[in-house]
Amino acid sequence: MDLVARLRAELGTGHVLTDPDLRAGYETDWTGRFTGRALAVARPGDRDEVAAVLRACAEAGVAVVPQGGNTGLVGGGVPRGGEVVLSTTRLTGLGEVDRVSGQVTAGAGVPLARLGAHARAAGLDFGVDIAARDSATVGGMVATNAGGLRVVRWGPMRDQVVGAEAVLADGRVVGSLVGLEKDSTGYDLTGALVGSEGTLAVVTAVRLRLVPAVAHRATAVLGLASTADAVAAIGVLRGPLLSAVEVFYDDGVRLVRAHRGLTGPFRADCPVYLLVEFAGDHDPTEDLAAAVSGLPAVVDTALATDEAGRRGLWAYREGHTEAISAHGVPVKLDVAVSPARAAEFETAVRAAVSAAAPSARLVLFGHLAEGNFHVNVLDEADGHAVSDAVLTTVARFGGSISAEHGVGVAKAPWLHLTRTPAERDLYAAIKAAWDPAGVLNPGVLIPR
Ligand code: MLT
Ligand code: ZN
């Protein structure tokens with residue numbers, strides 16, 4: 001029996017897609033930059049079906065690309081050519097919220113927005129939030145160690161995952177969903193899966209920590225003259241109420257305004273915008289207003305406490321990704337440096353991009369409390385030269401070539417910039433220990 005016939009026998013014909021029209025949505029990433037043909041798309045409905053798919057592919061010697069909501073930005077979840085895409089979107093089980101432990105078990109295919117709503121219905125919340133919340137799945141977020149908008153308050157995915165169940169390339173199941181907060185029994189296998197980008201095993205379900213729900217939020221967008229002023233503001237704003245610090249720039253705001261048909265946020269444009277959110281169990285509006293009034297360099301301020309007003313302010317920040325992609329296929333580089341050096345880095349990265357790609361357009365935005373910039377280069381065909389310039393600059397600052405999107409295929413050639421030969425040997429050994437035949441997501445994270 002050939003592989004497709006065997007997969008059909010295991011999953012049912014309707015869950016093994018070979019028709020090009022049906023495969024298409026799984027074969028190209030969200031930006032349109034990464035694409036390849038899959039042999040088939042397999043859509044297992046439970047853990048045992050995931051194991052069956054992996055066993056069949058391993059025996060046939062066909063590589064597997066695990067895929068969640070296909071919102072990834074580094075080419076780590078779409079085929080390069082000839083693989084089976086294993087879509088986790090049918091693994092949508094969501095357990096009852098355990099209020100005693102403050103945890104919940106979620107299938108890998110549960111979208112973030114559904115998880116958040118489920119937690120809030122039980123009086124808790126999930127600590128990670130990202131703009132792609134409606135499509136991004138829990139499994140994909142674990143695979144990339146997603147960060148997003150609230151890392152300053154609750155940390156990235158790594159801090160939320162207390163257990164995981166995963167299937168090895170040979171079909172064996174490992175891990176636990178009990179959710180032990182204390183377990184010093186040797187190596188942290190769950191920890192190894194977070195950020196592993198589908199190269200070690202296929203995560204089928206995770207046990208997640210929840211955080212206290214906050215009843216009140218207040219949001220401000222500050223207009224500033226420079227990134228240095230924005231960095232200085234973070235030091236003043238840090239405290240128990242701070243729940244988001246997002247930076248963006250005049251050119252990005254212009255793109256968003258044009259794309260969404262907006263005006264504002266101020267009468268006059270500013271070079272730098274800082275979105276700040278305070279959240280707590282009392283109304284934090286006065287705290288936020290007092291904190292902002294203590295900042296020396298604010299040119300203009302817009303403040304909102306009601307849901308519609310807050311959404312309106314967030315739109316300037318969250319509209320960036322869509323507005324950029326509407327302009328064309330961007331070269332996207334997600335990087336981080338120490339936040340204390342973020343202003344110096346901003347100057348350096350602008351210089352590096354204009355030297356490598358003089359006619360390109362650069363749009364920066366990101367999560368400033370973590371020194372995390374999303375470097376978007378538009379109107380530039382040669383992704384390699386500009387990626388090299390940006391990532392080399394990051395390495396000079398002792399930064400990260402992947403802050404929250406993963407390495408994928410996009411940045412694998414630059415892994416050597418921030419991982420030593422000894423560390424890369426360990427990466428290769430870890431990969432070989434989990435997936436000796438190299439079936440899982442070859443070419444992602446570890447260069448071929
Ligand atoms: C964001 O912060 O909006 C996301 O990381 C997506 C992006 O970088 O475009
Ligand atoms: Zn981001």
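Structure's up top.
Residues numbered from 1 in each chain as written. Chains lettered and ligands numbered in written order. Predicted model: local features only at pLDDT ≥ 70, side-chain atom pairs only at ≥ 80, totals over all residues. Heavy atoms only, no water.

Engineer: Got a minute to help me understand the coordination of the zinc ion (ligand 2) in this structure?
Structural biologist: By definition of the ideal shapes, a tetrahedral metal site with four donors has angles of 109.5 degrees and an octahedral site with six donors has angles of 90 or 180 degrees. Protein-derived coordination of the zinc ion (ligand 2) comes from H367 (NE2), H374 (NE2) and E404 (OE), at a distance range of 1.9 to 2.2 Å. Here the donor residues for the zinc ion (ligand 2) map to a single chain with the spacing H-x6-H-x29-E. One end of the pair, H367, is in strand β16 (residues 361-367); the other, E404, is in the loop between α14 (383-396) and α15 (421-434), and 37 residues separate them in sequence. You'll find H367 and E404 in the same group, each marked buried. (Donors = N, O, S within 2.8 Å, 3.2 Å for Na, K, Ca; no water. Helix = DSSP H or I, 4+ residues; strand = E, 2+ residues; numbered from the N terminus. Buried < 20%, exposed > 50% of the residue type's maximum accessible area, 1.4 Å probe, protein only.)

Engineer: I would appreciate a short explanation of the site of ligand 1 in the present structure.
Structural biologist: Neighbouring ligand 1 are the residues L73, R317, T321, K332, F365, H367, H374, E404 and H405. Compared with its free state, where it exposes 260 Å², ligand 1 has 89% of that area covered by protein. (Near = heavy atom within 4 Å. Areas by Shrake-Rupley, 256 points an atom, 1.4 Å probe, with all protein chains shown as cover.)

Engineer: Honestly, the pattern of salt bridges in this entry has me stumped. Any pointers?
Structural biologist: It is possible for side chains bearing opposite charge to pair when their charged atoms get close. Evaluated as defined, the whole model comprises 25 salt bridges. With a shortest N-O distance of 2.7 Å, E59 and R6 are connected by a salt bridge. Remark: R6 occurs in helix α1 (residues 3-11) and E59 occurs in helix α3 (residues 47-60); sequence separation between them is 53 residues. Judged by relative accessible area, which is 58%, E59 ranks as exposed. Between E307 and R310 there is a salt bridge, and its shortest N-O distance comes to 3.0 Å. Here the residue E307 and the residue R310 both occupy positions in helix α11 (residues 307-318), the gap between them amounting to three residues, near one helical turn. R310 sits in the buried class, given a relative accessible area of 10%. What you see here is one network of salt bridges that share partners, running through R120, D125, D129, R133, R150 and E318. (Salt bridge = Lys/Arg side-chain N within 4 Å of Asp/Glu carboxyl O.)

Engineer: Looking at this model, I keep getting lost on the pairing of strand β13 (residues 272-280). Mind explaining?
Structural biologist: Here is the key point about a regular strand: its side chains alternate between the two faces of the sheet. Within β13, nine of the nine residues are buried, which leaves the element mostly enclosed by the surrounding structure. Going residue by residue along β13, you find V272, L274, V276, F278 and G280 tucked away on one face and Y273, L275, E277 and A279 tucked away on the opposite face as well. Relative to β13, strand β11 (residues 216-224) is paired through nine bridges, and the arrangement is antiparallel. When the sheet's bridge partners are listed, T219 is paired in β13 with E277. (Pairing = 2+ DSSP bridges.)

Engineer: Please clarify how the environment of R267 should be interpreted in this entry.
Structural biologist: Following the sequence through the fold, R267 ends up in the loop between α9 (250-260) and β13. With relative accessibility at 90%, the residue R267 sits in the exposed group. Distance in space between the C-alpha atoms of R267 and D300 is 9.2 Å, their sequence separation being 33 residues.

Engineer: Explain the sheet that holds β13 here, please?
Structural biologist: Whenever strands of a sheet pair, they do so through backbone hydrogen bonds, lying parallel or antiparallel. Ordered in space as β14-β11-β13-β12-β16-β17-β15, the seven strands form an open sheet in which the pairing is antiparallel. In this open sheet, the two strands that pair with only one neighbour each are β14 (298-304) and β15 (331-336). Across this sheet, the average inter-strand angle for adjacent strands is 15 degrees, counted without regard to direction. Contacts between α9 and the sheet are confined to β12 (242-249), β13, β16 and β17 (372-378), with β12 contributing the most and set at about 90 degrees to the helix. (Axes fitted to C-alpha atoms, helices over the stretch in contact; angles between N-to-C directions. Contact = heavy atoms within 4.5 Å.)

Engineer: Quick question: what am I supposed to make of the environment of V335 here?
Structural biologist: Structurally, V335 can be placed in strand β15. Separated by 64 residues in sequence, V335 and G399 place their C-alpha atoms 7.3 Å apart. Setting aside chain neighbours within four positions, we find V335 in contact with F345, G371, N372, F373, V375, V390, L391, V394, S400, I401 and A403.

Engineer: Would you mind going over the pairing of β12 with me for this structure?
Structural biologist: Taken across its eight residues, β12 has eight buried, putting it largely inside the fold. By the bridge criterion, seven bridges tie β12 to β13 in an arrangement that is antiparallel. Within β13, the position partnered with V245 by the bridge is V276. With three bridges joining them, β12 and β16 adopt antiparallel strand pairing. For F248, the partnering residue across the bridge sits in β16 and is F365.

Engineer: I would appreciate a short explanation of the side chain of S87 in the present structure.
Structural biologist: Relative to the elements of secondary structure, S87 occurs in strand β4 (residues 84-87). Residue classification places S87 among the buried residues on the basis of a relative accessible area of 0%. At 2.8 Å, the side chain of S87 forms a polar contact with the side chain of T89. (Polar contact = N/O pair within 3.5 Å; in protein donor to acceptor, adjacent residues only side chain to side chain.)

Engineer: Help me understand the packing of α9 against α11 in this model?
Structural biologist: The geometry of a pair of packed helices is captured by two quantities: the angle between their axes and the separation between those axes. Axis separation between α9 and α11 bottoms out at 8 Å; the angle between their running directions is 115 degrees. The angle between the axes of α9 and α11 places the two elements in the roughly perpendicular class. Packed against α9, whose contacting residues are V253, V256, R257 and R260, the element α11 presents A315, Y316 and E318 at the interface. A breakdown of the residues in the contact of α9 with α11 according to their chemical character gives four nonpolar, no polar and three charged. (Parallel < 35°, antiparallel > 145°, perpendicular 65-115°, else oblique. Nonpolar A, V, L, I, M, F, W, Y, C, P; charged D, E, K, R; others polar.)

Engineer: Hey, could you run me through the packing of aromatic side chains in this one?
Structural biologist: Think of a pair of aromatic rings as described by two things: how far the centres are apart, and how the planes are tilted against each other in angle. With the rule as written, the count across this model stands at four aromatic pairs. Between F266 and Y273 the ring centres are 5.8 Å apart and the planes differ by 15 degrees, which places this aromatic pair in the stacked class. Residue F266 shares its accessibility class with Y273, and that shared class is buried. Judged by centre distance (5.4 Å) and plane angle (85 degrees), the rings of F345 and F397 are edge-to-face. Of this pair, F345 sits in helix α13 (residues 342-356) while F397 sits in the loop between α14 and α15, and the two are 52 residues apart along the sequence. Take F397: its relative accessible area is 10%, and that puts it in the buried class. Aromatic ring contacts, followed pair by pair, group F248, F266 and Y273 into a single cluster. Directly above the aromatic system of Y249 lies the positively charged group of R350, at a separation of 4.9 Å from the ring centroid. (Phe/Tyr/Trp six-rings, centres within 6.5 Å; stacked < 30°, edge-to-face > 60°. Lys NZ or Arg CZ within 6 Å of the ring centre and 35° of its normal.)

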